[in-house]
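Commentary on secondary and tertiary structure
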Amino acid sequence: MKDRTWIELSRAAISANLKNFRALLSPKTLLTAVIKSNAYGHGLLETAELAHKAGADLFGVNSLEEAKLLREKYPEFKILIMGEIPGLTERISEVSDPNFWIIVSRTEEVRILTNCKPSPKIHLKVDTGMARLGFFGADLERTLSEIKSEDLRIDGIATHFASTEDVLEQKYSKEQMKSFSEAILLAEKLGFKNLVKHACASASTMLFPEAHYDLVRVGISLYGLWPSLQTRLSLHLSGKKDFNLSPVLSWKTRIVHIKTVPEDSFVGYGSTYQTSAPTRIAVVPVGYYEGLDRKLSNNGVMLVKGKRAKILGRICMNMTMLDITHIHDAEIGDVVTILGKEGEEEISADDHANWTYTINYEVTTRISESVPKKIAE
């Protein structure tokens, strides 16, 4: 039976994106493929396979659950766990893995992980201006001092930039870099040596070579998506006009029903659309359950036979109606492109983001995990 909807992942695109980021790094800097949250909607295991074959040094995940799924397939690959692990004291056997690199914020977490056998690599988070995980100032100094006084250990130190992708002027990011440098000096002063240092995600990896340190964490741009228009402009203004990204994901479905309705017909729930002429309508089996944003109702388009077909009426839970009046050769069973390129036309995650007042991260990440994934060359 043919799939109702599916995602195609481009092996060539992931390989090209990783290669382009490699070209920005020194040979000693490790590259983490961030595949958390179902790989931003691209599929955790499918993306892991592609990134692994393309030469990523680590996988980056949010949770221990994601790490365990990957560990089954990649028994010795390094996995960076970036989110908090609730109930850590009850999960000692699960985290006792020397190839887990676990980011922590508090002394008690360091204490637990140090006593694991074998112990994972422990990376302390520094809050340099995100006000999320980690500490800064006196709280950071207290935490580092406690770790040292108890003869515990840390293997790395990390931070995260708050606004690199949102602005052209990078004053705040530069302040964060300064704060992180001060945190590194403090750690070294207290006797912590040879720490793995990391700060950069996608945008900062492109823009701040001085902040690459020992490891970078490439997330959204692994998938060929720009963190923001500002990031792209900033990169071009810096002279790197030849840096390109290739979208990895195409999201497709099929026409399951076609009908023609007369002038003045209402379409969909709430009767929010009324035809002004006889209209040929195609129904596709994708709705907000599958992750199609309801704000695309009467607003977005899909591609049918390489032509744009407007979404009519409200998007339903599992169905959407399209205007194919101008696409005379469309038939039941034809492939419809929700995201991706078909012929000369393309609908991107950025298009969906602009139409629904959000960011491309959310557009792909919200696609349901139930949508099957296929690898394309």
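None of the values given here were measured: they were computed from a predicted structure.

1. What to know about the pairing of strand 1 (residues 5-10)
- Within strand 1, five of the six residues are buried, leaving the element largely enclosed by the surrounding structure.
- Bridge count for strand 1 against strand 10 (residues 249-254) is five bridges, and the pairing is antiparallel. Along strand 10, the bridge assignment pairs Glu8 with Ser250.
- Pairing of strand 1 with strand 20 (residues 373-376), which is carried by four bridges, proceeds in the parallel orientation. Among the inter-strand pairings, Ile7 is bridged to a residue of strand 20, identified as Lys373.

2. A closer look at a nonpolar patch on the surface
- Residues Leu168, Leu229, Leu233 and Leu237 make up a contiguous nonpolar surface patch of about 440 Å² in total accessible area.
- One can find Leu168 in the loop between strand 7 (156-158) and helix 8 (171-189).
- Accessibility expressed as a relative area gives 48% for Leu168, which makes it partly exposed.

3. Some details on unusual backbone geometry
- For the bond running from Lys117 to Pro118, omega is -5 degrees, close enough to zero to count as cis.
- The phi dihedral of Asn298 is positive, around 55 degrees, even though this residue is not glycine.
- Here Asn298 lies in the loop between strand 14 (279-284) and strand 15 (301-304).
- With phi around 55 degrees, Lys305 is a residue other than glycine that occupies positive phi space.

4. Observations concerning the side chain of Glu342
- Within the fold, Glu342 resides in strand 18 (residues 335-342).
- Within the structure, the side chain of Glu342 is placed 3.0 Å from the side chain of Thr337, a separation counted as a polar contact.
- In contact with Glu342, not counting residues within four places along its chain, are Leu303, Val304, Lys305, Gly306 and Thr337.

5. As for the packing of helix 3 (residues 44-53) against helix 4 (residues 64-73)
- One can describe the packing of helix 3 onto helix 4 by two numbers: an axis separation of 11 Å at closest approach and a directional angle of 55 degrees. The angle between helix 3 and helix 4 places the two elements in the oblique class. Crossing of helix 3 over helix 4 shows right-handed handedness. Contact with helix 3, carried on its side by Leu44, Leu45, Ala48 and Glu49, involves Glu66, Leu69, Leu70 and Lys73 of helix 4 and no other residues of that element.
- Residue composition of the contact of helix 3 with helix 4, grouped by class: five nonpolar, no polar and three charged.

6. Digging into the side chain of Thr164
- Checked against the element boundaries, Thr164 lands in the loop between strand 7 and helix 8.
- Leaving out residues up to four positions away in the same chain, Thr164 has contacts with Gln170, Ser173, Ala203, Ser204, Leu207 and Phe208.

7. Details of the UniProt feature "active site" (unreviewed entry) in the protein chain
- In the numbering used here, UniProt assigns the feature "active site" (unreviewed entry) to Lys36 and Tyr269. In summary, the annotated positions, distributed over 234 residues, remain apart in three dimensions as well, the widest C-alpha pair reaching 35.2 Å.
- With respect to the element layout, Lys36 can be found in helix 2 (residues 36-40).
- Judged by its relative accessible area of 29%, Lys36 falls in the partly exposed class.
- Filtering out sequence-adjacent residues up to four positions away, Lys36 remains in contact with Gly60, Val61, Asn62, Glu66 and Met82.

8. Notes on the pattern of salt bridges
- Going through the model one piece at a time under the given rule, you end up with 24 salt bridges.
- In this structure, Glu49 and Lys73 form a salt bridge, with 3.8 Å as the shortest nitrogen-oxygen distance. A residue pair is termed long-range when its members are at least 10 positions apart, and Glu49 in helix 3 and Lys73 in helix 4 qualify at 24 residues.
- You can call Glu49 partly exposed: its relative accessible area is 22%.
- Of the charged contacts in the structure, one is a salt bridge between Glu182 and Lys178, with a shortest N-O distance of 2.7 Å. Placement of both Glu182 and Lys178 in helix 8 is noted, with a separation of four residues, approximately one turn of the helix.
- Classification of Lys178 as exposed rests on a relative accessible area of 54%.
- One salt-bridge network, held together by shared partners, links Glu65, Lys68, Arg91 and Glu94.

9. What about the packing of aromatic side chains?
- Applying the stated rule across the entire model yields nine aromatic pairs.
- On the numbers, 5.2 Å between centres and 70 degrees between planes, the contact of Phe59 with Tyr74 is edge-to-face. Of the two residues, Phe59 is situated in strand 3 (residues 58-61) and Tyr74 in the loop between helix 4 and strand 4 (79-81); the sequence distance between them amounts to 15 residues.
- The class for Phe59 is buried, based on a relative accessible area of 0%.
- Among the residues examined, Tyr74 registers a relative accessible area of 8% and is labelled buried.
- In this structure an aromatic cluster arises from ring pairing among Phe21, Trp226 and Phe243.
- Taking NZ or CZ as reference, Lys148 lies 5.1 Å from the ring centre of Phe192, over its face.

Criteria and thresholds
Residues numbered from 1 in each chain as written. Predicted model: local features only at pLDDT ≥ 70, side-chain atom pairs only at ≥ 80, totals over all residues. Heavy atoms only, no water. Buried < 20%, exposed > 50% of the residue type's maximum accessible area, 1.4 Å probe, protein only. Helix = DSSP H or I, 4+ residues; strand = E, 2+ residues; numbered from the N terminus. Pairing = 2+ DSSP bridges. Patch = residues over 30% accessible without salt bridge, like charges linked within 9 Å, V, L, I, M, F, W, Y side chains within 5 Å. Areas by Shrake-Rupley, 256 points an atom, 1.4 Å probe, with all protein chains shown as cover. Salt bridge = Lys/Arg side-chain N within 4 Å of Asp/Glu carboxyl O. Polar contact = N/O pair within 3.5 Å; in protein donor to acceptor, adjacent residues only side chain to side chain. Contact = heavy atoms within 4.5 Å. Axes fitted to C-alpha atoms, helices over the stretch in contact; angles between N-to-C directions. Parallel < 35°, antiparallel > 145°, perpendicular 65-115°, else oblique. Left-handed = near helix turned anticlockwise from the far one by under 90°. Nonpolar A, V, L, I, M, F, W, Y, C, P; charged D, E, K, R; others polar. UniProt positions renumbered as here; feature names shortened; annotations may be inferred. Phe/Tyr/Trp six-rings, centres within 6.5 Å; stacked < 30°, edge-to-face > 60°. Lys NZ or Arg CZ within 6 Å of the ring centre and 35° of its normal.

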